[in-house]
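# Observations on the model geometry
Each chain, written out:
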Amino acid sequence: MDQQQQYRPGRAHTSRTYPVIPPIYQTTTFELDDQAYADIQGAGGLHETWYSRFNNPTVDAAAAEVARLHGVGPGGADGTRSGQSLIFASGMAAIATTLVTLLRAGDTVVASRQTYGDTDDLLRRDLPALGVTVIRVDAHDTDAWRQMITEHRPAVVYGETLSNPQLRLLDLPAVAEAAHAVGARFVVDNTFATPFCTRPLELGADVVVESATKFLAGHSDVVAGAATTTDRALHEELQRRLITFGGCADPHAAFLLWRGMRTFRVRLAESCRTAAALADLLAKEPAVRDVVYPGRDDHPDAEVVRRVMPDASGAMLTVVLHGGDQRAGEVLRRLRVGVEATSLGGVETLVSTPFNSSHFNMTDDERLAAGIQPGTLRMSIGLEGEDVLLDDLRQAFDTERA
Ligand SMILES: *Cc1c(COP(=O)(O)O)cnc(C)c1O
């Protein structure tokens, strides 16, 4: 009986030495002590590790790594700019929590017209239902951003670094300047570009939100999200909403995210290099009508790319085939290496056709007006290398030989 009462498995230590890899703290709760009680009574328990919806060491390890990728950290002694990340259950939890934290009934948000589908739903349906006015602007139309921001004086300006699947670029410094001139917060979804290609906090963003499900975790095996800011007070506001809305990450998911980020730089370096090489190779293929890649000189936003993503142009590649959507669908079905699937950012190349997946709810005309050509293939480039991917696409183009 005595032994039973004294048994505290969480106090087990392997030895005097530390593990190299952070343990998965698969625990909902932590033993309370005087310091924990003081934090609960003082700061509402925001800082202490006492219940895993508030804080968990494995989740904190993933948050520290996301912050590091964005060039921010504890600040002070180590010379990094002060900033912190929060890890959420999904990218949408990070986005919705951030927007609802920053907006009140009666406020306006000026947002990109080209956003991720569920973000679009949030902007079209959920935020208006809460009394928020939503104004939309084409991502690449910097003059329209300036005009709408000046005219509507929004509380929040929201956009994605790279649009899907047009891969148009948001001029982050210009839009940040316009937002700050009217006192708005600038929130950027950096999922497609990743912190390997651009770090929006360095270009004027107030909050970066990301689907960590994609390139950050990188292995198509975990759903998670992140929000990073250099504003300490705003970080705490977001953390309070993470706690009350409950969109916290599970420790095991956080561990997979942390583990995936260990190879972030080498994965992204290789995938971006492959995407650039494959873009140039595909531009010479007779079956291909158009190649859209931010690193190519013929990209419509090439000048913005040089300022906003100077080092690498991303691992997303959009290819327009001759023959329209039906032909694109046939080619997609014939791929042997590329996987026909939605999502992005894995080590395997994922390919989809927007007309029947991400943009299925638009008519052909609406897609055209949005700059999505018939015959579009969206590719998230993995680690197979350009030769393997080119061979795979060529055999799929060659439908005659099927
Ligand atoms: C996937 C994605 C999201 C949503 O992230 P989840 O992790 O699926 O919730 C948001 N924005 C962009 C650009 C995405 O690609």
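Residues numbered from 1 in each chain as written. Predicted model: local features only at pLDDT ≥ 70, side-chain atom pairs only at ≥ 80, totals over all residues. Heavy atoms only, no water.

### Things to note about the overall build of the chain
In plain terms, the rule: Only runs of H or I of at least four residues qualify as helices and only runs of E of at least two qualify as strands under DSSP, and these elements are numbered from the N terminus. Each radius of gyration is computed over the set of C-alpha atoms, and the globule rule expresses the reference value as 2.2 Å times the number of residues to the power 0.38. Buried, partly exposed and exposed residues are distinguished by accessible area as a fraction of the type maximum, computed with a 1.4 Å probe on protein chains only: under 20%, between the cut-offs, and over 50%, respectively. Between two residues, a contact is recorded if the distance between any of their heavy atoms is within 4.5 Å.
Scanning the chain from N- to C-terminus turns up 15 helices and 14 strands. Its C-alpha radius of gyration of 23 Å places the chain within 12% of the 21 Å reference for a compact globule of 402 residues. Along the three orthogonal principal directions, the C-alpha set of the chain runs to about 80 × 50 × 40 Å. Put simply, the chain has 402 residues, and 52% of those count as buried. Pairs at least 24 residues apart make up 72% of the contacts formed inside the chain by residues separated by at least 6 positions.

### Considering the domain arrangement of the chain
Counted only if it meets this: The domain boundaries here were taken from an automatic or database domain assignment. Here a salt bridge means any side-chain nitrogen of Lys or Arg lying within 4 Å of a carboxyl oxygen belonging to Asp or Glu. Under this definition, polar contacts are N or O atom pairs within 3.5 Å; protein pairs additionally need one hydrogen-donor-capable and one acceptor-capable atom, and for neighbouring residues in sequence, both atoms have to be side-chain atoms. Gly falls in the polar group here, along with every residue not listed as nonpolar (Ala, Val, Leu, Ile, Met, Phe, Trp, Tyr, Cys, Pro) or charged (Asp, Glu, Lys, Arg).
With domains assigned, the chain is organised as domain 1 (34-261) and domain 2 (265-401). The gap between the C-alpha centroids of domain 1 and domain 2 is 27 Å. Each partner contributes to the interface: domain 1 provides 32 residues, whereas domain 2 provides 40 residues. Taken together, the connections running from domain 1 to domain 2 amount to 2 salt bridges. A salt bridge links arginine 168 to aspartate 301; the shortest N-O distance between them is 2.8 Å. At the surface where domain 1 touches domain 2, the tally comes to 14 residue pairs in polar contact (both at pLDDT 80 or more). Elements that contribute at least two residues to the side of domain 1 that touches domain 2 include exactly helix H7 (172-181), helix H8 (194-197) and helix H10 (251-261). With 3 residues, the single largest contributor to the side of domain 1 that touches domain 2 is H8. Of the residues assigned to the side of domain 1 that touches domain 2, the class counts are 17 nonpolar, 11 polar and 4 charged.

### Re the site of the ligand
Rules: Only heavy atoms are used to decide nearness, and a residue is near a molecule or strand if one of them lies within 4 Å of it. All accessible-area figures derive from a Shrake-Rupley calculation using a 1.4 Å probe, and residue coverage is judged against the displayed protein chains alone.
As a structural note, the neighbourhood of the ligand is formed by 13 residues, with Met92, Asp189, Ser211, Thr213 and Lys214 the closest of them. At 2.9 Å from an oxygen atom of the ligand is found a main-chain nitrogen or oxygen belonging to methionine 92. Contact distances for the ligand include 2.6 Å between an oxygen atom and a side-chain N or O atom of threonine 213. Considered on its own, the ligand offers 380 Å² of accessible surface; in the complex 92% of this is hidden by protein.

### Some details on helix H13 (residues 324-334)
As a reminder, the rule being used: Think of it as the arc spanned by the lines of direction from the helix axis to the C-beta atoms.
Among all positions of H13, only Gly324, Asp325, Arg327, Ala328, Val331 and Leu332 are buried. For H13, the arc enclosing every buried residue in end-on projection is 160°, short of the 170-degree limit, so these residues lie on one face. Those residues of H13 that are exposed and angled more than 90 degrees off the buried face are Gln326 and Arg333. Buried-residue contacts for H13 involve strand E11 (316-321), strand E12 (339-340), strand E13 (350-352), helix H14 (364-369), strand E14 (376-380) and helix H15 (386-397).

### Topic: the packing of aromatic side chains
Condition: Aromatic pairing here means that ring centres of Phe, Tyr or Trp (its six-membered ring) are within 6.5 Å. Orientation follows from the plane angle: under 30 degrees is stacked, over 60 is edge-to-face, and everything else is tilted.
Under the counting rule described, the total for this entry stands at 4 aromatic pairs. Ring geometry for phenylalanine 255 against tryptophan 258: centres 6.2 Å apart, planes inclined by 25°, an arrangement best described as stacked. Here phenylalanine 255 pairs with tryptophan 258, and both are found in helix H10, just 3 residues apart, close to one helical turn. The class of phenylalanine 255 is buried, set by a relative accessible area of 13%. Judged by its relative accessible area of 10%, tryptophan 258 is buried. Following the ring pairs from residue to residue traces out a cluster consisting of Trp50, Tyr51 and Phe54.

### Quick notes on the pairing of strand E8 (residues 207-211)
Looking along a regular strand, one sees side chains alternate from face to face of the sheet. Note the cut-off: Two strands pair under a simple rule: DSSP has to find at least two bridges between them.
With 5 of 5 residues buried, E8 is to be regarded as a mostly interior element. Side chains Val207, Val209 and Ser211 of E8 all project onto a buried face; the interleaved residues Val208 and Glu210 project onto the opposite face, where all are buried too. Of the strand pairs in this sheet, strand E7 (residues 185-189) and E8 are connected by 3 bridges, and their pairing is parallel. Following the sheet pairing, valine 187 is matched in E8 by valine 207. In this structure, E8 lies alongside strand E9 (residues 225-229), joined through 5 bridges in antiparallel fashion. By the bridge assignment for E9, valine 207 is matched with threonine 229.

### Things to note about the environment of glycine 375
Secondary-structure assignment places glycine 375 in the loop between H14 and E14. Distance from glycine 375 to threonine 353, taken between C-alpha atoms, is 7.9 Å for residues 22 residues apart in sequence. Apart from residues no more than four positions distant in its own chain, glycine 375 is found in contact with Val319, Val320, Leu321, Gly324, Asp325 and Ala328.

### What about the sheet that holds strand E3 (residues 84-88)?
Applicable threshold: All axes here are fitted lines through C-alpha atoms, helices being fitted over the stretch that makes contact, and every angle between N-to-C directions spans 0 to 180 degrees.
Strand order in the open sheet made by the 7 strands is E3-E9-E8-E7-E6-E4-E5, with mixed pairing throughout. Strands with a single pairing partner mark the edges of an open sheet, and in this sheet they are E3 and strand E5 (133-137). The mean inter-strand angle of the sheet, taken between neighbouring strand axes irrespective of direction, is 20°. Sitting on the sheet, helix H4 (residues 91-102) touches E3, strand E6 (156-160), E7, E8 and E9, and the angle it makes with E8 is about 155°. Each of E6 and E7 touches H7; the most contacted strand, E7, lies at about 150° to it.

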